[in-house]
Amino acid sequence: MVIVDYKTGKARSQEDADESLQLSIYAMAAHEKWGYRVSELAFHNLEGNVSVISKRTDFQLEQARERVLTVARNIADGNFKPKPDFYCNFCAFRGLCPAREKQARRLRRRLRALRENRSTDRRSTKHFAPKNFRAKT
Ligand code: SF4
């Protein structure tokens, strides 16, 4: 079986394919989920329509598994430093991420401050506002 990952962005090199944890995880998943033995892994670069093909030994897959388990344990223990960037917008872990939690706290504080200011504004404009006036938020 061959797993092909089509790449739309920057073209991936042979070294990228040989060192890709992503491809290793695909190989492990195909084996564990469906019992497939993956013979080759490929990045197919749509730019230039060129594939770079790689392989994994059982030892390499075991090393990849250990790496994933170590990272998972550290995440579960809260031992990781999130690096917020553009990709946060697509991240499935936003709800659990400490970086997002900090941002959420900051937003809650700002919202609270805005609400307090709004209620202060309402009080100060009460005598001057027309009957159906609504303060902007
Ligand atoms: S939301 Fe957190 S875990 Fe997800 S990409 Fe951003 S920093 Fe990383």
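Structural data are supplied above this passage.
Model, not experiment: these values are computed from the prediction.

Trainee: Would you take a moment to explain the pairing of strand β3 (residues 50-54) for this structure?
Mentor: Consecutive side chains of a regular strand alternate in pointing toward one face of the sheet and then the other. Looking at chain direction, strand β2 (residues 40-45) and β3 are connected through five bridges and run antiparallel. Within β3, the position partnered with phenylalanine 43 by the bridge is valine 52. Remark: four residues form the turn of the hairpin made by β2 and β3, two consecutive strands paired antiparallel; glycine 48 in that turn has positive phi of roughly 90°.

Trainee: Sorry, what's going on with the nonpolar core here?
Mentor: The biggest cluster of nonpolar side chains holds five residues, and these are Ala17, Leu23, Ala27, Leu41 and Phe43. Those elements that provide at least two residues to this core are α2 (21-34) and β2. In contact with leucine 41, not counting residues within four places along its chain, are Ile3, Ala17, Leu23, Tyr26, Ala27, Ser54, Lys55 and Arg56.

Trainee: Just to check I follow, could you spell out α2 for this structure?
Mentor: The first and last C-alpha atoms of α2 sit 20 Å apart over 14 residues, in line with the 20 Å expected at 1.5 Å per residue. All of the buried residues along α2 are Leu23, Ser24 and Ala27. Buried residues along α2 cover an arc of 105° about the axis, so they all sit on one side. Exposed side chains of α2 directed beyond 90 degrees from the buried face belong to Leu21, Gln22, Glu32, Lys33 and Trp34.

Trainee: Help me out: how do you make sense of the site of the ligand in this one?
Mentor: The immediate surroundings of the ligand are formed by Pro82, Lys83, Pro84, Tyr87, Cys88, Cys91, Phe93, Arg94, Cys97, Ala99 and Arg100. Split into classes, the residues belonging to the shell around the ligand amount to eight nonpolar, no polar and three charged.

Trainee: Explain the sheet that holds β2 here, please?
Mentor: Adjacent strands of a sheet form backbone hydrogen bonds with each other and so pair up, either parallel or antiparallel. An order of β1-β2-β3 is seen for the three strands of this open sheet, with the pairing classed as mixed. A strand with exactly one partner marks an edge of an open sheet, and here the two such strands are β1 (2-7) and β3. The sheet shows a mean angle of 20° between the axes of neighbouring strands, direction not considered. Alignment of β1 against β2, held across six bridges, turns out to be parallel. When the bridges of β2 are listed, aspartate 5 appears paired with phenylalanine 43. Helix-sheet contacts for α2 involve β1, β2 and β3, and the interaxial angle to β1 is about 140°.

Rules used in this analysis
- Residues numbered from 1 in each chain as written.
- Predicted model: local features only at pLDDT ≥ 70, side-chain atom pairs only at ≥ 80, totals over all residues.
- Pairing = 2+ DSSP bridges.
- Helix = DSSP H or I, 4+ residues; strand = E, 2+ residues; numbered from the N terminus.
- Core = buried A, V, L, I, M, F, W, Y, C linked by C-beta atoms within 7 Å.
- Buried ≥ 20, exposed ≤ 12 C-beta atoms within 10 Å, placed from the backbone.
- Contact = placed C-beta atoms within 7 Å.
- Expected span 1.5 Å × (residues − 1).
- Arc of directions from axis to C-beta.
- Near = placed C-beta within 6 Å.
- Nonpolar A, V, L, I, M, F, W, Y, C, P; charged D, E, K, R; others polar.
- Axes fitted to C-alpha atoms, helices over the stretch in contact; angles between N-to-C directions.

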